[in-house]
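Inside the fold
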Amino acid sequence: QVQLVESGGGLVQPEGSLRLSCAASGFTFSRYAMSWYRQAPGKERELVAFITSTGGRTNYAASVKGRFTISRDNAKNTVYLQMNRLKSEDTAVYYCKARLDSGSAYLDYWGQGTQVTVSS
């Protein structure tokens, strides 16, 4: 059974930090690229950060570049999102996604999300 379980969300003050984790099971984690997305109330889900299966390449949304860092530990089947200097506009539900590119199609798995609220 495929599972992606996010954790680490919560309430934090502006300029604070949080580290999100996404624990994977039920598939070969090291073959999948991983991403973090977020969705704020009334807005579309947006890509926040991406990391390749080996961790050799990362990409970030312009709004978080320099503040957020995505990383992964393939031995622990876990991807992380370190979020620093948080702003109120970072408030959203954060989701992790696993993607396998088979060459002819994509296979995606999603987690259930974790709430991040940035407020004083």
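Check the entry above for the structure.
No experiment lies behind these values; they were computed from the predicted model shown. (Residues numbered from 1 in each chain as written. Predicted model: local features only at pLDDT ≥ 70, side-chain atom pairs only at ≥ 80, totals over all residues. Heavy atoms only, no water.)

**Some details on the packing of aromatic side chains**
For clarity, the cut-off: Ring pairs shown here join Phe, Tyr and Trp side chains whose ring centres sit within 6.5 Å, with only the six-membered ring taken for Trp; geometry is labelled stacked below 30 degrees between planes, edge-to-face above 60, and tilted in between. Buried residues are those whose accessible area, probed at 1.4 Å on protein chains only, stays under 20% of the maximum for their type, while exposed residues exceed 50% and partly exposed ones sit between those limits.
Overall, the coordinates contain five aromatic pairs when judged by the stated rule. On the numbers, 4.7 Å between centres and 65 degrees between planes, the contact of Phe 27 with Tyr 32 is edge-to-face. The burial state of Phe 27 is the same as that of Tyr 32; both residues are buried. Given the relative accessible area of 13%, Phe 27 is considered buried.

**Quick word on the sheet that holds strand β7 (residues 68-73)**
The following threshold applies: Being paired, for any two strands, means DSSP has found at least two bridges between them. Secondary structure follows DSSP: runs of H or I at least 4 residues long count as helices, runs of E at least 2 residues long count as strands, and numbering of each begins at the N terminus. Here the axes come from fitting lines to C-alpha atoms, over the contacting stretch only for helices, and the angles between their N-to-C directions go from 0 to 180 degrees.
The strand order across the open sheet built from four strands is β1-β3-β8-β7, with neighbouring strands paired in antiparallel fashion. At either end of the open sheet lies a strand with only one pairing partner, and these are β1 (3-7) and β7. When the angles between neighbouring strand axes are averaged without regard to direction, this sheet yields 15 degrees. Here strand β3 (residues 18-25) pairs with strand β8 (residues 78-83) via six bridges, running antiparallel.

**A closer look at the pairing of β7**
Because side chains alternate across β7, one face comprises the buried residues Phe 68, Ile 70 and Arg 72, and the other comprises Thr 69, Ser 71 and Asp 73, none of which is buried. Judged from the six bridges that link them, β7 and β8 form a sheet pairing that is antiparallel. Each bridged residue has a counterpart across the sheet, and for Phe 68 the counterpart in β8 is Met 83. Connecting the antiparallel pair β7 and β8 is a turn made up of four residues, with Asn 77 showing a positive phi of about 55 degrees.

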